[in-house]
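The lines below spell out each chain.
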Amino acid sequence: MKIPPILLSLPFLAGAWACGPADGAGVPDQSGGDPDSFVAGDSTQILADLEILSHDSLEGRRTGTRGGALAQGYIRSRLEAAGLEPPPTGHLQPFEFSGRRDPTQVTRGANVVGFVEGRDPSLGAIVLTAHFDHLGIRAPRPGTPAEAEGDSIFNGADDNASGTVAVMSLARYFARYPPRHRMVFALVDAEEMGLRGAYAFVEAGWPEGIALNVNLDMVARSDSLLFIAGTHHYPRLRPLMEKVVPRSPVVLRFGHDQRGVEGMQDWTGSSDHRAFHAEGIPFLYFGVEDHPDYHRASDEFEAVEPAFFLNAVRTLLVAVKTLDEELDSITSPVSQTLPDGR
Ligand SMILES: [Zn+2]
């Protein structure tokens, strides 16, 4: 792939892009596996990844565009640098789909997938997902300040460069500290066009079965709150996540996973976890509430508060570690759904 000149012209961006197979070389991890220390040591890479993926030169990462392909290439290079293994068909999982309005219009996307082998092969895989695509370049709309000033690139820093970057950091962690479950890191395409990449991933399946999906979508923009959705449908997961609450540097709150709760939208179908839930695969979704820059050109790197984002990554790492260590201690079927669940 050709790297846009603008990226190469930015020295630290080019350096991050060019990071070789020995990822983190020169910055040895001193954490000993402690999540807080690990994220502190990884923070420079985390923020560099976020700035690159939400850079104007990636043109809003719309599926099927040059910017989308650049994002795929960058994410792939980061997974390779972390030492992740590719699935038998390679790190790229291409798929295509027809337009809703015009069935003759075919769009091609590709998920970027890697995994870390688990220590206990009898356990199923835990699949971490985050969509990397966003809305691309759009005509300015009246009444939106950034667009009125001529900004037509929808950078999607929070939605969802943030989740993508968090998954890549967790991939670096588990490549260094092998998990019990096989841990699959799936950065999926075409979420904004109808969760197409997630459905393609689920349809392709995973050899030993999927024990759980953990989906991240918008985890960087909040004063303090990060939500966990999914325990309404899969209540046996809740005690595991309640253990994470007191250890979390951000305020973790359960919710947004059922209808009829005042002031809370139901996010059960709102992002890629829906494709797993539709097959009865348990999920947990982490995300923030909508903010004024949601789906606007002003969802930019500069608007992200690094302290919240890094604390969110710490929380996510603790949560996924807890799930990896204790998921099989849930003796009853994890997929038991409450009677009014959908
Ligand atoms: Zn999103």
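Values in this document were obtained by computation on a predicted structure and should not be read as measured data. Counting restarts for each chain, with residues numbered from 1 along the sequence as it is written. Local features in this predicted model are restricted to residues of pLDDT 70 or higher, and side-chain atom pairs are both shown and tallied only at a pLDDT of 80 or more, whereas totals for entire chains, interfaces and linings draw on every residue. Side-chain measures here rest on the full set of heavy atoms in the structure, leaving out hydrogens and waters.

Asks: Looking at this model, I keep getting lost on the pattern of salt bridges. Mind explaining?
Replies: Where side chains of opposite charge bring their charged atoms close, a pairing between them can arise. For salt bridges, the criterion is a side-chain nitrogen of Lys or Arg within 4 Å of an Asp or Glu carboxyl oxygen. What the rule picks out here adds up to 15 salt bridges. Measuring nitrogen to oxygen at the nearest pair gives 3.0 Å for the salt bridge that ties Asp-42 to Arg-172. Placement of Asp-42 in helix H3 (residues 35-53) and of Arg-172 in helix H6 (residues 157-176) is noted, with a sequence separation of 130 residues between them. With respect to burial, Asp-42 and Arg-172 carry one shared label: buried. Secondary structure elements follow DSSP: runs of H or I of four or more residues count as helices, runs of E of two or more count as strands, with numbering from the N terminus. We call a residue buried when its accessible area falls under 20% of the maximum for its residue type, exposed when it is over 50%, and partly exposed in between, using a 1.4 Å probe and counting protein chains only.

Asks: How should unusual backbone geometry be read in this particular structure?
Replies: Outside of glycine, negative phi angles account for most residues, and trans bonds account for most peptide bonds. That bond from Asp-159 to Asn-160 is cis: its omega, -5°, falls within 30 degrees of zero. The topology assignment puts Asn-160 in helix H6. One non-glycine residue, Leu-195, lies in the positive phi region at around 60°. When you line up the elements, Leu-195 lands in the loop between strand E6 (182-188) and helix H7 (196-204). Assessed through its relative accessible area of 7%, Leu-195 is described here as buried. Positive phi, close to 55°, is recorded for His-295, a residue that is not glycine. Here His-295 shows up in the loop between strand E10 (283-287) and helix H10 (306-326).

Asks: Can you help me understand the coordination of the zinc ion in this one?
Replies: Each donor-metal-donor angle in an ideal tetrahedron of four donors is 109.5 degrees, and each such angle in an ideal octahedron of six donors is either 90 or 180 degrees. Binding of the zinc ion to the protein goes through His-131 (NE2), Asp-159 (OD), Asp-217 (OD) and Asp-217 (OD), at separations of 2.0 to 2.5 Å. Each of the 4 donor atoms around the zinc ion contributes to a set of angles spanning 54 to 149°, which defines the coordination as irregular. Metal sites are built from N, O and S donor atoms within 2.8 Å, or 3.2 Å for Na, K and Ca, and they leave out water, so they may look incomplete. The sequence pattern describing where the donors of the zinc ion fall on their chain is H-x27-D-x57-D. With Asp-159 in helix H6 and Asp-217 in the loop between strand E7 (210-216) and strand E8 (225-229), the pair connects residues that are 58 residues apart, well separated along the chain. Each member of the pair Asp-159 and Asp-217 is classed as buried. Every geometry call rests on angle ranges, with four donors termed tetrahedral when all angles are between 85 and 135 degrees, four termed square planar and six termed octahedral when opposite donors are over 155 degrees apart and all others are between 65 and 115, and everything else termed irregular.

Asks: What should I look at first to understand the environment of Asp-29 in this one?
Replies: Position of Asp-29 relative to the elements: it lies in the loop between helix H2 (11-17) and H3. Overall, the relative accessible area of 21% leaves Asp-29 in the partly exposed class. Once the C-alpha coordinates of Asp-29 and Val-39 are considered, the two residues, 10 residues apart in sequence, prove to be 9.8 Å apart. It only takes one pair of heavy atoms within 4.5 Å for two residues to be counted as in contact. Apart from residues no more than four positions distant in its own chain, Asp-29 is found in contact with Phe-38, Arg-176 and Tyr-177. Engagement of the side chain of Asp-29 in a polar contact is seen with the side chain of Tyr-177, the distance being 2.6 Å. Polar contacts here mean pairs of N or O atoms no more than 3.5 Å apart (in protein, one a potential hydrogen donor and the other a potential acceptor; neighbouring residues in sequence count only if both atoms are side-chain atoms).

Asks: How should the environment of Arg-182 be read in this particular structure?
Replies: With respect to the helices, strands and loops of the structure, Arg-182 is situated in strand E6. In this structure Arg-182 comes out as buried when scored by relative accessible area, which is 18%. The sequence separation of Arg-182 and Pro-121 amounts to 61 residues, and the corresponding C-alpha distance is 7.3 Å. In contact with Arg-182, other than residues within four places in its own chain, are Phe-115, Val-116, Glu-117, Gly-118, Gly-124, Ala-125, Ile-126, Trp-206 and Glu-208. A distance of 2.8 Å separates the side chain of Arg-182 from the side chain of Glu-117, its partner in a polar contact.

Asks: For this particular structure, what's the right way to read the packing of H3 against H10?
Replies: Packed helix pairs are characterised by how far apart their axes lie and by the angle those axes make with each other. The axes used here are C-alpha line fits, helices contributing only the stretch in contact, and every angle between their N-to-C directions lies in the interval 0 to 180 degrees. Packing of H3 against H10 leaves a shortest axis separation of 10 Å and a crossing angle of 125°. Taken together, the axes of H3 and H10 are oblique relative to one another. As H3 packs across H10, the resulting crossing turns out to be right-handed. On the side of H3, the interface is formed by Pro-35, Asp-36, Phe-38, Val-39, Ala-40, Ser-43, Ile-46, Leu-47 and Leu-50, while H10 contributes Pro-306, Phe-309, Leu-310, Val-313, Arg-314, Leu-317, Val-318 and Lys-321. Taken together, the residues of the contact of H3 with H10 break down into 13 nonpolar, 1 polar and 3 charged. For this classification, under 35 degrees means roughly parallel, over 145 means roughly antiparallel, 65 to 115 means roughly perpendicular, and everything else is oblique. When the near helix sits turned anticlockwise from the far one by under a right angle, the crossing is termed left-handed; a clockwise turn instead gives a right-handed crossing. In the scheme used here, Gly and all other residues not listed as nonpolar or charged are polar, with Ala, Val, Leu, Ile, Met, Phe, Trp, Tyr, Cys and Pro taken as nonpolar and Asp, Glu, Lys and Arg as charged.

Asks: Would you mind going over the packing of helix H4 (residues 66-81) against H6 with me for this structure?
Replies: In contact at an axis separation of 9 Å, H4 and H6 are set at 15° when each is read in the N-to-C sense. Between H4 and H6, the angle is such that the two are roughly parallel. You can see that H4 and H6 cross each other, and the crossing is right-handed. When H4 is examined against H6, the residues Ile-75, Arg-78 and Leu-79 are found in contact with a partner set consisting of Thr-164, Met-168, Ala-171 and Arg-172. Its residues assigned to classes, the contact of H4 with H6 comprises 4 nonpolar, 1 polar and 2 charged.

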